[in-house]
Amino acid sequence: MTDSVEGTTGPAAASAQDAGPADGGGYPAARVRLLQDEKTTGPDRRAALARLTDEWLAGLLTRHTTAAGLSGTALVAVGGYGRGELSPRSDLDLLLLHDGRADPRALAALADRLWYPVWDLGMALDHSVRTPAEARRAARDDLKVQLGLLDARHLAGDAELSARLRSAAYADWRESAPKRLPELHALCQERAERQGELQYLLEPDLKEARGGLRDATALRAVAASWLADAPRGGLEAARTLLLDTRDALHLTTGRATDRLSLQEQDQVAAALGVLDADALLRQTYEAARTISYAADVTWREVGRVLRARAVKPVLRGLLTGRTAAKGERSPLAEGVVELDGEAVLARTARPERDPVLVLRAAAAAAQAGLPLATAAIRRCATALATRPLPEPWPAEALEQLVTLLGAGAPTVPVWEALEAEGVITRLLPDWERVRCRPQRNPVHTWTVDRHLVETAVRAAALTRRVHRPDLLLVAALLHDIGKGWPGDHSVAGETIARDMAARLGFDARDTAVIATLVRHHLLLVETATRRDLDDPETVGAVADAVGTTRTLELLHALTEADALATGPAAWSAWRGGLVADLVKRVAARLAGEPEAEPRGADGPTAEQERLAMEAGRTGGPVLALRTRAEPPAEDAPAADAPEPVGVELLIAVPDQPGVLPAAAGVLALHRLAVRAADLQLLDPIGDGPVLLLSWRVAAEYGSLPEADRLRADLVRALDGSLDVPARLAERERAYARRARAVHAPPPRVTVAAGSSRTATVIEVRAHDAHGLLHRIGRALETARVAVRSAHISTLGADAVDAFYVTSTDGAPLTDAAAHEVAAAVEAALQ
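### What about the overall build of the protein chain?
Secondary structure summary: the protein chain contains 32 helices and 17 strands in total. By residue count, 52% of the 830 residues in the protein chain fall in the buried class. Contacts spanning at least 24 positions in sequence make up 69% of the contacts within the protein chain whose residues lie at least 6 apart.

Printed below as a string of structure tokens:
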């Protein structure tokens, strides 16, 4: 569409003039100056940018309606722009409102002359042209349109037209709220499932993730319905912090993005004057947690109001499975009752005289699977400020804490509510250092504090396996408490846990057990997956650290709970089997029983011997590939199928140099990830020594390769006709062109002193890059050491591999030689 306006033709020509007045460069130049002004930041900058944009757009509408002789139109800002909040790269949500009397062609031309200048500046625009009646119909059909109209703000034109629409939009919203609020809640839940929880994500979406800006906007809409309102404490400050962070993200990246990516976090932190990326994430998580908590409380109140409106009290009781009439209180514990689906304080409760009441109420709520009322928490928090729990805690307080932790999954929302109101840090001051603390390892699903609570939840399911559930649950809650301090978190955590356990009221013996559990909470899984369990030194070291069979029992349960609470990559039937094997051996050592025979003491299995004999007879490699499964646990349902633990690959090769790197390289070329490896030397019937490699592998994607293809490539790798390093390098280059940059710490190779009497243990920690095991094998081959066994452990993107090596004469390496080998391997991985 073209038209003649002010001596120009067409909207594009008009937009050149519509950038603003000639003096000072117009709106674009003024916008740039504002965004570069370091003195104007945060809410002031967003408001100033909105005012500047208001003036520009108002000038456009006034100029073009006057030139065209149009009346009965208004320009309205909706959404975030309607709230007067413009981030540097925010889109503009605009509604051209008209009374229906204007000529459609003239109206379309006016719209063009409003929208094109915006597009010409590279700004995103969400626009519509409607009468008030059309806008209301669109809102009835589309919830997002209705939410946008709640923030409608007049910019220019017929102010009465805008005011009528805004009043009608609020009236429509309040009238339809009983129907539309459940729809809004469902949208929020669906978005949370899709985007995750902002307070736990390493690369959170500040707008869409749960606890983000979308949820804050939804809470404004709930308040506008007059049915319920969000807790106000800290909510506006949390929303402002997320907006400030998004502003800095826009200016740092130059893009309209809401995702706080890892590679941009340091720059965003610097722009906000925050210490570092961790501090940035922590304050972002705190803001998200405030919004999430407010949303939980608000939607619970909405549900209660809507239920009260929808059905009669008796029928509501039948529908919920409760027969209590509305307003009736059911006792839960001393001073705690259930009222309308929440745990609340009894009328006679006096938290100012009963400092244990907050823990009793929390434990009762969790055990009953009920939320703990916000008013109850706040009363108790106020009382704790003036009359804290004595130290050490009285026996009832400790008992109620253990009861809370032992409730399982319902513990989480109750704990989060206590934390949101500041109760947890008042009860446990050391909690402050781990609160909202991010964990950079992608294996971890949660922040440190949430991981601790989740570990307690997992431990609650294991309490029937241990003699002291209270020690297990408290150790689960404290096992990573040292992550708020510098140095090894297990060492720091031991000291903190010892002090905390004493303050909680445990006696000296129990305190020592909890401290031991915290100090060694990684011992079992790290030993089982990275050390040779047939080596007596391995079992002896664990037995010395644990001390007693009862502590070992608790540590076994804590290990499983910790791994399950970490994330799906941290635990499997295979890891569980290795840990159980280690625990069995250590328990026998502690009980003074004879040492168990090494796993290979009875010689090779029939299949291994057959492969070794075939390899010795033919002089070439022989392979067998099969899927292995772990039977379900004893207490699992009978219908449970065996859990797959990977694919076992057996390779028998006449002993020769270069077998390990050749085999590892071939597996990498066929996209097989190595999860575990074991090597042993056999001598079948005088055909010469045969090296037997037992691998547990998994396909990175796609189906497993055929054993014949693996064998053919292994033959070529051993005779030199297949250049494995070159092929892997080519694949890595191709992968690097397609993949995002990986920000991983450099590899670290160390000598694990004292881990074995018969070999030297070289431990490698590195990013689990393609062909990693091949490069390690080549480096060890070049160093002229023999690999007796290898223990491969992969957690998410990190590999921690242990290699038991000897000199060519079968003896452990000298200290100097061992460190030279470690340095050579580390250099090869750089």
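Still more ground to cover, so stick around.
### Comments concerning the confidence of the model for the protein chain
Residues at a pLDDT of 70 or more form 89% of the protein chain, whose mean pLDDT is 87. Of the regions scoring below 50 in pLDDT, residues 1-14 engages in 25 contacts with residues more than four places distant in sequence or in other chains. Predicted confidence is poor over residues 629-645, with pLDDT under 50, and the contacts of this stretch with residues over four places away or in other chains come to 18 contacts.

### Considerations on the sheet that holds strand 3 (residues 73-77)
The mixed open sheet is built from four strands, whose spatial order is 5-4-3-6. For this open sheet the edge positions go to strand 5 (125-130) and strand 6 (153-157), each flanked by a neighbour on one side alone. Here the average twist between neighbouring strands, direction ignored, is 20°. Here helix 8 (residues 159-195) sits on the sheet and contacts strand 3, strand 4 (92-98) and strand 6; the angle it forms with strand 4, its principal contact strand, is near 110°.

### A look at the sheet that holds strand 9 (residues 342-345)
Overall, antiparallel pairing links the three strands, which are arranged 7-8-9 in an open sheet. Each end of this open sheet is capped by a strand with a single partner; those strands are strand 7 (330-333) and strand 9. Along the sheet, successive strands turn relative to each other by an average axial angle of 45°, direction set aside. In terms of strand pairing, strand 7 meets strand 8 (residues 336-339) through three bridges, oriented antiparallel. Counted as the bridge partner of A333 is V336 from strand 8.

### Quick word on the nonpolar core
Residues L372, W393, W415, L418, L428 and W431 are the most contacted members of the largest nonpolar core, which totals 99 residues. In terms of nonpolar packing, the next biggest core, distinct from the first, is built from 50 residues, L623, V659, L691 and V724 among them.

### Things to note about the pattern of salt bridges
Throughout the structure, instances matching the rule amount to 52 salt bridges. For R465, the salt bridge is made with E560, and the minimal N-O distance between the two is 3.0 Å. With a gap of 95 residues between them, R465 in the loop between helix 19 (448-460) and helix 20 (469-478) and E560 in helix 25 (residues 549-566) connect regions that are remote in the sequence. Residue classification places R465 among the partly exposed positions, given a relative accessible area of 40%. Residue classification places E560 among the buried residues on the basis of a relative accessible area of 17%. Notably, a salt bridge pairs E763 with R531, separated by 3.1 Å at the nearest N-O pair. A residue pair is termed long-range when its members are at least 10 positions apart, and E763 in strand 15 (residues 760-767) and R531 in the loop between helix 23 (523-530) and helix 24 (536-546) qualify at 232 residues. In this structure, E763 and R531 share a single accessibility class: buried. The network of salt bridges with shared partners includes R83, E85, D151, R220, E236 and R239.

### Quick notes on the packing of aromatic side chains
Taken as a whole, this structure holds four aromatic pairs when the rule is applied. When the ring of Y116 is compared with that of W119, the centres are 5.3 Å apart and the planes differ by 85°; the resulting orientation is edge-to-face. Of the two residues, Y116 and W119 are both situated in helix 5 (residues 104-120); the distance of three residues between them amounts to about one turn of the helix. Since its relative accessible area comes to 30%, Y116 is described here as partly exposed.

### A closer look at helix 9 (residues 213-225)
Here helix 9 spans 19 Å end to end across 13 residues, near enough to the 18 Å set by a 1.5 Å rise per residue. What helix 9 keeps buried is the set L213, D215, A216, A218, L219, A221, V222, A224 and S225. Elements that come into contact with the buried residues of helix 9 comprise helix 7 (143-149), helix 8, helix 10 (235-253) and helix 12 (277-310). After helix 9 finishes, the residue W226 shows a positive phi value of roughly 70°.

### Focus: the environment of V129
The residue V129 is located in strand 5 in this model. A sequence separation of 56 residues divides V129 from T73, and the C-alpha atoms of the two residues are 10.0 Å apart. Those residues in contact with V129 that sit more than four places away from it in its chain are L96, H98, L107, A111, W115 and E134.

### Regarding empty space enclosed by the protein
Which parts of space are left empty comes out when a probe the size of a water molecule is rolled across the atoms. Considering all chains together, one arrives at six cavities of 30 Å³ or more under this definition. Computed from the structure, the largest cavity encloses a volume of approximately 60 Å³. Forming the boundary of the largest cavity are Q199, Y200, R289, V412, W415, E416, E419, D449, R450 and V453. Going through the elements one at a time, helix 17 (411-420) and helix 19 are the ones with two or more residues in the lining of the largest cavity. Sorting elements by how many residues they give to the lining of the largest cavity places helix 17 first, with four residues. The residue inventory of the lining of the largest cavity, partitioned by class, reads four nonpolar, one polar and five charged.

### What to know about the packing of helix 17 against helix 19
Across the interface, helix 17 lies against helix 19 with an axial gap of 10 Å and an inter-helix angle of 145°. Helix 17 and helix 19 meet at a crossing whose hand is right-handed. Counting all contacts with helix 17, which are made through T411, V412, W415, E416 and E419, the residues of helix 19 involved are D449, R450, V453, E454 and V457. A breakdown of the residues in the contact of helix 17 with helix 19 according to their chemical character gives four nonpolar, one polar and five charged.

### A word on the pairing of strand 9
Of the two faces of strand 9, the one carrying E342 and V344 and the one carrying A343 and L345 are both buried. What sits between strand 8 and strand 9 in their antiparallel hairpin is a turn of two residues, with D340 showing a positive phi close to 55°.

### Some details on helix 10
An ideal rise of 1.5 Å per residue puts 27 Å on 19 residues; helix 10 measures up with 27 Å between its terminal C-alpha atoms. Phi turns positive one or two residues past the end of helix 10, at G254, with a value near 70°.

### Points about unusual backbone geometry
Look at the link from E391 to P392: it is a cis peptide, with omega at -5°. Tracing the sequence through the fold places P392 in the loop between helix 15 (374-386) and helix 16 (395-405). For D340, which is not a glycine, the phi torsion comes out positive at approximately 55°. With respect to the element layout, D340 can be found in the loop between strand 8 and strand 9. By relative accessible area, D340 is classed as partly exposed at 27%.

The rules behind each value
- Residues numbered from 1 in each chain as written.
- Predicted model: local features only at pLDDT ≥ 70, side-chain atom pairs only at ≥ 80, totals over all residues.
- Heavy atoms only, no water.
- Helix = DSSP H or I, 4+ residues; strand = E, 2+ residues; numbered from the N terminus.
- Buried < 20%, exposed > 50% of the residue type's maximum accessible area, 1.4 Å probe, protein only.
- Contact = heavy atoms within 4.5 Å.
- pLDDT = per-residue confidence, 0-100.
- Pairing = 2+ DSSP bridges.
- Axes fitted to C-alpha atoms, helices over the stretch in contact; angles between N-to-C directions.
- Core = buried A, V, L, I, M, F, W, Y, C linked by side-chain atoms within 4.5 Å.
- Salt bridge = Lys/Arg side-chain N within 4 Å of Asp/Glu carboxyl O.
- Phe/Tyr/Trp six-rings, centres within 6.5 Å; stacked < 30°, edge-to-face > 60°.
- Expected span 1.5 Å × (residues − 1).
- 1 Å grid on protein atoms, 1.4 Å probe; cavity = no way out; pocket = protein on both sides within 12 Å on 5 of 7 lines; lining within 4 Å.
- Points joined across faces, edges and corners; volume = space filled by probe spheres on them.
- Nonpolar A, V, L, I, M, F, W, Y, C, P; charged D, E, K, R; others polar.
- Left-handed = near helix turned anticlockwise from the far one by under 90°.

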